[in-house]
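Each chain is listed here by its residues.
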Amino acid sequence: MAGINTSQITGDDLAGYDKLSPAAGLLLRLPFGEKWSVQMEIAYLGKGSRKNISPRDSVPTFYLLRLHYIEVPFMVQYKIRPKIELETGPSVGVLFKWYEEDTFGELGGPYSSREHFKPLDISWGFGGTWWFKEKWGLNVRSLSTMFPVRNHDQKSSYRLNRGQYSSSIMARLSYLF
């Protein structure tokens, strides 16, 4: 499977799914019954946030956050029509690299006072697949983290807002061997 991922980080004071990244990996699918199947994947998934400088900004601001994950989703799928399936399930991501910069240069690093990202990302996903050929499908999925990917600076929190969360929407082509 291969496709694109668009993502955002809540709590970064930016709005919108502005960070595009690749998504690619392998899947193992086990059908049981006529309508049900389970699917496990191992995939690279780029996440993050982005704001480009705009002439409409009163103060020119740039921000870029790249998060690189190896993601392992476990999806339960249900066939609602002969070529259409819905899916839901948990996903575990392992962060193996991250990079953050703003208008003034690179942020973070080992000596920064900024909070670092958590090495494990636990998400819940839902989506669907349209099988347009016998072995080819178009999958659209949304993933949202269940726990913060990073604490707010100074570890502040307010009620259920415990930090920054990640949300992704992806579109991928899948091929079954």
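Here's what I pulled together on the structure shown here.

The rules behind each value
Every chain is numbered independently, its residues counted from 1 as its sequence is written. Local features in a predicted model are, by the rule used here, given only for residues with pLDDT of at least 70; side-chain atom pairs are given and counted only at 80 or more, and totals for whole chains, interfaces and linings are based on all residues. To obtain the side-chain values, all non-hydrogen atoms of the structure were included, while hydrogens and water were left out. Lining residues are defined by having an atom within 4 Å of a point belonging to a cavity or pocket. Those points lie on a 1 Å grid over the protein atoms alone, cavities being sets where a 1.4 Å probe fits but cannot get out and pockets being open sets with protein on both sides within 12 Å along at least five of seven lines. Grid points are joined across faces, edges and corners, and a volume is the space filled by probe spheres set on the points. Secondary structure elements follow DSSP: runs of H or I no shorter than four residues count as helices, runs of E no shorter than two count as strands, and numbering proceeds from the N terminus. Amino acid classes used here: Ala, Val, Leu, Ile, Met, Phe, Trp, Tyr, Cys and Pro are nonpolar; Asp, Glu, Lys and Arg are charged; the rest, including Gly, are polar. Strands pair, by our definition, only if DSSP identifies at least two bridges between them. Contacts are residue-level and defined by heavy atoms, with any inter-residue pair within 4.5 Å sufficient. As used in this record, nonpolar core signifies buried Ala, Val, Leu, Ile, Met, Phe, Trp, Tyr and Cys residues forming a set joined through side-chain atoms within 4.5 Å. The buried label applies to any residue whose accessible area, calculated with a 1.4 Å probe on protein chains only, is under 20% of its type's maximum; exposed applies above 50%, and partly exposed to all values in between. For Phe, Tyr and Trp, where Trp contributes only its six-membered ring, two rings pair if their centres lie within 6.5 Å, and the inter-plane angle classes them as stacked under 30 degrees, edge-to-face over 60, or tilted in between. By definition, a salt bridge exists where a carboxyl oxygen of Asp or Glu is found within 4 Å of a side-chain nitrogen of Lys or Arg.

The space that makes up the second largest pocket amounts to roughly 200 Å³. At the level of secondary structure, the elements contributing two or more residues to the lining of the second largest pocket comprise strand 2 (19-32) and strand 3 (36-51). Its residues assigned to classes, the lining of the second largest pocket shows five nonpolar, one polar and six charged.

A word on the pairing of strand 5 (residues 84-102). One face of the sheet, then the other: side chains in a regular strand alternate in exactly this way. One ladder, built from 16 bridges, connects strand 4 (residues 63-81) with strand 5; its direction is antiparallel. By the bridge assignment for strand 5, L64 is matched with E101. With antiparallel pairing between neighbouring strands as the criterion, strand 4 and strand 5 make up a hairpin whose turn holds two residues. Sheet topology places strand 5 next to strand 6 (residues 105-107); three bridges connect them, and they run antiparallel. Along strand 6, the bridge assignment pairs D102 with G105. Hairpin connection, strand 5 to strand 6: the antiparallel pair is bridged by two residues.

By the bridge criterion, six bridges tie strand 1 (residues 2-10) to strand 2 in an arrangement that is antiparallel. Looking at the pairing, N5 lines up with S21 of strand 2. The pairing of strand 1 with strand 9 (residues 165-175) spans nine bridges and is antiparallel. Directly across from Q8, in strand 9, lies its bridge partner S167.

So, on to the side chain of E87. Mapping E87 onto the fold places it in strand 5. Residues within four places of E87 in sequence aside, it is in contact with M75, V76, Q77, G125, F126, G127, G128, T129, N139, V140 and R141.

Okay, the nonpolar core next. Core analysis: the biggest nonpolar cluster contains nine residues, these being I9, Y63, L65, L67, Y69, L95, L107, F117 and V149. Ranked by the residues each element gives to this core, the list is headed by strand 4, at four residues.

Taken as a whole and assessed by the stated rule, the structure comprises six aromatic pairs. For the pair W130 and F132, a centre-to-centre distance of 5.4 Å together with 45 degrees between the ring planes defines the contact as tilted. Accessibility expressed as a relative area gives 46% for W130, which makes it partly exposed. Arranged with centres 4.8 Å apart and planes meeting at 55 degrees, the rings of W136 and Y175 form a pair that is tilted. With a gap of 39 residues between them, W136 in strand 8 (residues 136-145) and Y175 in strand 9 connect regions that are remote in the sequence. For W136, a relative accessible area of 38% gives the class partly exposed. Three or more aromatic residues joined by ring pairs form one cluster here, namely W136, Y175 and F177.

A few words now on empty space enclosed by the protein. Going through the model one piece at a time under the given rule, you end up with two cavities of 30 Å³ or more. Around the largest cavity, the lining residues are L27, R29, Q39, Q77, E85, E87, T129, W131, N139, S174 and L176. Those elements giving two or more residues to the lining of the largest cavity turn out to be strand 2, strand 5 and strand 7 (120-131). Each residue belonging to the lining of the largest cavity can be placed in one class, and the counts come to three nonpolar, five polar and three charged. Taken as a whole, the second largest cavity holds about 40 Å³ of empty space.

In this section: the pattern of salt bridges. Following the criterion strictly, the structure yields seven salt bridges and no others. For E41, the salt bridge is made with R172, and the minimal N-O distance between the two is 3.1 Å. Taken together, the residues E41 in strand 3 and R172 in strand 9 connect sequence positions 131 residues apart. You'll find E41 and R172 in the same group, each marked buried. For K47, the salt bridge identified is with E71, shortest N-O distance 3.6 Å. Placement of the pair is K47 in strand 3 and E71 in strand 4, with a sequence separation of 24 residues. For the pair shown, K47 and E71 are each scored as buried. One salt-bridge network, held together by shared partners, links E41, E87, R141 and R172.

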